[in-house]
Amino acid sequence: MKAWAAKYKDAGLVVIGVHAPEFGFERDLANVRNAVSDLNVTYPIPIDSNHSIWTNFRNEYWPADYIIDAKGRIRYHHFGEGEYVKSERVIQTLLRENGATGLDESIVRIKAEGAEAPPSNDVRSPETYAGYARAENFASPGRIARDSRRIYSPPRAPN
């Protein structure tokens with residue numbers, strides 16, 4: 001986000017990050033301010049402690065990216081890590097639609113250090129939830145096997 005905000009700000013891109021806290025300590029404004037400062041985030045970040053924005057977007061994921069055009073329409077969204085090239089191409093397309101010219105068509109290279117650095121050249125988050133305690137939206141047609149091994153089948157495709 002920071003790389004896109006910097007690269008495309010003069011072409012009209014406005015980046016807004018929404019902080020929707022998952023844990024209690026993430027609701028503390030001082031903690032949020034410190035994190036924003038430590039991570040050198042310069043775009044605005046509303047604090048969505050009551051998950052109002054989250055709910056209005058019908059969001060269910062961290063992270064979730066919504067790319068909105070100049071008329072306020074959601075033109076692309078992506079949930080989770082990845083799809084960075086596709087997301088940047090959508091940004092470029094929408095900026096051109098809005099009249100931007102002379103865009104640098106190259107893709108930004110992610111440069112991260114410290115807390116933002118991925119564990120390898122892989123830029124996905126190392127965070128993973130495993131186990132039935134965090135399976136709120138479990139989709140397999142079989143039941144959850146608590147405290148035992150089980151092979152699950154994928155959910156049926158929607159009609």
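Just so we're clear, the structure is a prediction, and the values are computed from it rather than from any experiment. (Residues numbered from 1 in each chain as written. Predicted model: local features only at pLDDT ≥ 70, side-chain atom pairs only at ≥ 80, totals over all residues. Heavy atoms only, no water.)

**Q** Hey, could you run me through the overall build of the protein in this one?
**A** Check the secondary structure of the protein and you find 4 helices and 2 strands. Written out in order from the N terminus, the α and β elements of the protein read α-α-α-β-β-α. Per-residue burial over the protein gives 21% buried out of 159 residues. When contacts within the protein are restricted to residue pairs at least 6 apart in sequence, long-range pairs at least 24 apart make up 46% of them. Of the accessible surface of the protein, which amounts to about 12100 Å², a share of 50% is contributed by carbon and sulfur atoms. (Helix = DSSP H or I, 4+ residues; strand = E, 2+ residues; numbered from the N terminus. Buried < 20%, exposed > 50% of the residue type's maximum accessible area, 1.4 Å probe, protein only. Contact = heavy atoms within 4.5 Å. Areas by Shrake-Rupley, 256 points an atom, 1.4 Å probe, with all protein chains shown as cover.)

**Q** I keep staring at the packing of aromatic side chains and nothing clicks. Help me out?
**A** For any pair of aromatic rings, the description rests on two quantities: the centre-to-centre distance and the angle between the ring planes. One pass over the full model with this rule turns up 5 aromatic pairs. A ring pair is formed by W54 and W62, whose centres lie 4.5 Å apart and whose planes are at 45°; its orientation type is tilted. A residue is classified by how much of its surface remains accessible, and W54, at 16% relative accessible area, is buried. W62 gets classed as partly exposed once you look at its relative accessible area, which sits at 43%. (Phe/Tyr/Trp six-rings, centres within 6.5 Å; stacked < 30°, edge-to-face > 60°.)

**Q** Is there a simple way to explain the pairing of strand β1 (residues 64–68) in this structure?
**A** Looking down a regular strand, the side chains alternate between one sheet face and the other. Of the two faces of β1, only one is covered, namely that formed by D65 and I67; the face formed by A64, Y66 and I68 stays uncovered. Of the pairings in the sheet, the one linking β1 to strand β2 (residues 74–79) comprises 5 bridges and is antiparallel in character. When the bridges of β2 are listed, A64 appears paired with F79. Connecting β1 to the antiparallel partner β2 that follows it, the hairpin turn spans 5 residues, and G72 within it adopts a positive phi of roughly 85°. (Pairing = 2+ DSSP bridges.)

**Q** How do you make sense of the nonpolar core when you look at a structure like this?
**A** A general feature of soluble globular proteins is that nonpolar side chains tend to end up buried together. Residues Y8, L13, I67, I91 and L95 are the most contacted members of the largest nonpolar core, which totals 15 residues. The set of elements that each furnish at least two residues to this core consists of α1 (2–8) and α4 (84–97). Top element by residues in this core is α4. It accounts for 4 residues. Filtering out sequence-adjacent residues up to four positions away, L95 remains in contact with Y8, A11, G12, L13, A100 and L103. (Core = buried A, V, L, I, M, F, W, Y, C linked by side-chain atoms within 4.5 Å.)

**Q** Sorry if this is basic, but what is going on with the pattern of salt bridges here?
**A** Pairing is possible between side chains of opposite charge, provided their charged atoms come close. Scanning the model with the defined rule gives 5 salt bridges in all. One salt bridge in this structure joins D69 and R75, with 3.0 Å as the shortest N-O distance. The buried category is assigned to D69, whose relative accessible area is 9%. Bridged by salt links that share partners, the residues D69, R73, R75 and E97 form one connected network. (Salt bridge = Lys/Arg side-chain N within 4 Å of Asp/Glu carboxyl O.)

Any functional reading would require information that these geometric values do not contain.
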